[in-house]
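Letter by letter, the chains look like this.
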Amino acid sequence: MKANWQDSEQWFQALFEHNPNAAIVFDEETRRIESINRAAKILFNYREEIFRTLTLSDIIDTDPPRLCDAELRREIRAFRTMAGAVFTSEIPEGKFVFNGQSKILWIVREMDNQSDVEALLRERKVQEYRSLVENIAIGVTLIGRDMRILTLNRQMRCWYPRIDFSRQPLCYQAFNDPPGEKICTYC
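To keep things clear, this report deals only with the structure shown in the data block.

Thresholds applied
- Note that residues are indexed from 1 along each chain, following the sequence as it is written.
- Predicted model: local features are reported for residues with pLDDT of at least 70 only, side-chain atom pairs are reported and counted for 80 or more only, and whole-chain, interface and lining totals are derived from all residues.
- Side-chain numbers come from the whole structure's heavy atoms, not from hydrogens or water.
- Definition used for salt bridges: Asp or Glu carboxyl oxygen within 4 Å of a side-chain nitrogen of Lys or Arg.
- Strands are runs of DSSP state E lasting at least 2 residues, helices are runs of H or I lasting at least 4, and numbering of each runs from the N terminus.
- Under the scheme applied here, a residue whose accessible area is under 20% of the maximum for its type counts as buried, over 50% as exposed, and between as partly exposed, the area being computed with a 1.4 Å probe on protein chains only.
- Two N or O atoms form a polar contact when they lie within 3.5 Å of each other; inside protein one atom must be a possible hydrogen donor and the other a possible acceptor, and for residues adjacent in sequence the pair counts only when both atoms belong to side chains.
- Contact criterion: two residues are considered in contact whenever any of their non-hydrogen atoms come within 4.5 Å of each other.
- Residues enter a nonpolar core if they are buried and are Ala, Val, Leu, Ile, Met, Phe, Trp, Tyr or Cys, with the set joined through side-chain atoms within 4.5 Å.
- Note on ring pairs: Phe, Tyr and Trp rings are taken, using the six-membered ring of Trp, and paired if centres are within 6.5 Å. Classes follow the plane angle, with under 30 degrees stacked, over 60 edge-to-face and the rest tilted.
- Paired strands, as defined in this entry, are two strands with at least two bridges between them according to DSSP.

If you walk through the whole model with that rule in mind, you get 12 salt bridges. With a shortest N-O distance of 3.8 Å, Glu 134 and Arg 154 are connected by a salt bridge. With Glu 134 in helix H5 (residues 114-135) and Arg 154 in helix H6 (residues 154-159), this pair connects stretches of sequence that are 20 residues apart. Take Glu 134: its relative accessible area is 22%, and that puts it in the partly exposed class. When its relative accessible area of 43% is taken as the criterion, Arg 154 is described as partly exposed. Measuring nitrogen to oxygen at the nearest pair gives 2.3 Å for the salt bridge that ties Glu 134 to Arg 157. Residue Glu 134 is located in helix H5, and its partner Arg 157 is located in helix H6; the two are separated by 23 residues in the primary sequence.

Next up, the structure:
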């Protein structure tokens, strides 16, 4: 049995409505909220008819400021409920055009506590650091106290293609030709 477009529309409406994560659709230009699902009504504690009169500024808390990961198209924002409670959420974002107007879908997932936010921020900082070090045009090597090579960036791997760095060789042996017998004097 084939499904027709009307069945598909009802199917997708049911998926949106019964998603366990709060979903908010708003107009990109006006920031007016146009559609919410059941989970959003529960999370924010607004009736749907009130929700549709709101803009994003009515539910976003300005303290702390937003944090953004443009590459992954998600943000961390603080939100306010109708009762004034504030919670933090990581928000994946989806943009689409409907009837010639640009819309944005936010999936709002309440983070359990501040440590979740801090862990996410730490991970993002580590990713930013790794990306910077990996793509910089100079050689970067992390060497342990025992002089073993712990990690190195792409440039160092290009300069020393024959060395197996996964075995964490001693730096004074790996980087010198002929291999050094002891720690370099400048170290």
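Picking up after the structure, the text goes on.
On to the side chain of Glu 17, then. Mapped onto the fold, Glu 17 is located in helix H1 (residues 5-17). According to the relative accessible area criterion, Glu 17 is buried, its value standing at 18%. Within the structure, the side chain of Glu 17 is placed 3.2 Å from the backbone nitrogen of Arg 38, a separation counted as a polar contact. Those residues in contact with Glu 17 that sit more than four places away from it in its chain are Ile 36, Asn 37, Arg 38 and Lys 41.

What follows deals with the nonpolar core. Soluble globular proteins: nonpolar side chains tend toward being buried together. Ile 24, Phe 44, Phe 51, Ile 59, Phe 79 and Trp 106 are the most contacted members of the largest nonpolar core, which has 20 residues in total. Those elements that place two or more of their residues in this core are strand E1 (22-27), strand E2 (33-36), helix H2 (38-44), helix H4 (56-59), strand E6 (86-98) and strand E7 (101-110). If we skip the residues at most four places from it in the chain, Ile 24 touches Ile 33, Ser 35, Ile 36, Ala 40, Phe 44, Ile 59, Ile 104, Leu 105, Trp 106 and Val 108. In this structure, Met 156, Leu 170, Cys 171 and Tyr 172 belong to the second largest nonpolar core, which totals 10 residues.

Looking now at the packing of aromatic side chains. Going through the model one piece at a time under the given rule, you end up with nine aromatic pairs. Considering the side-chain rings of Phe 26 and Trp 106, the 5.0 Å spacing of their centres and the 75° angle between planes classify their relative orientation as edge-to-face. Of this pair, Phe 26 sits in strand E1 while Trp 106 is found in strand E7, placing the two residues 80 residues apart along the sequence. As far as burial versus exposure is concerned, Phe 26 and Trp 106 are alike and both buried. Ring plane angle 85° and centroid distance 6.1 Å describe the contact between Phe 79 and Trp 106, whose orientation is recorded as edge-to-face. A residue pair is termed long-range when its members are at least 10 positions apart, and Phe 79 in strand E5 (residues 74-80) and Trp 106 in strand E7 qualify at 27 residues. Accessibility expressed as a relative area gives 0% for Phe 79, which makes it buried. Among the aromatic side chains, those forming a connected cluster through ring pairs are Phe 26, Phe 44, Tyr 46, Phe 51, Phe 79, Phe 87 and Trp 106.

The pairing of E1 with E7 spans six bridges and is classified as antiparallel. By the bridge assignment for E7, Ala 22 is matched with Val 108. Bridge count between E6 and E7: eight bridges; the pairing is antiparallel. From the neighbouring strand, Glu 93 faces E7, where its bridge partner is Trp 106.

Just distances and angles here, no functional claims.
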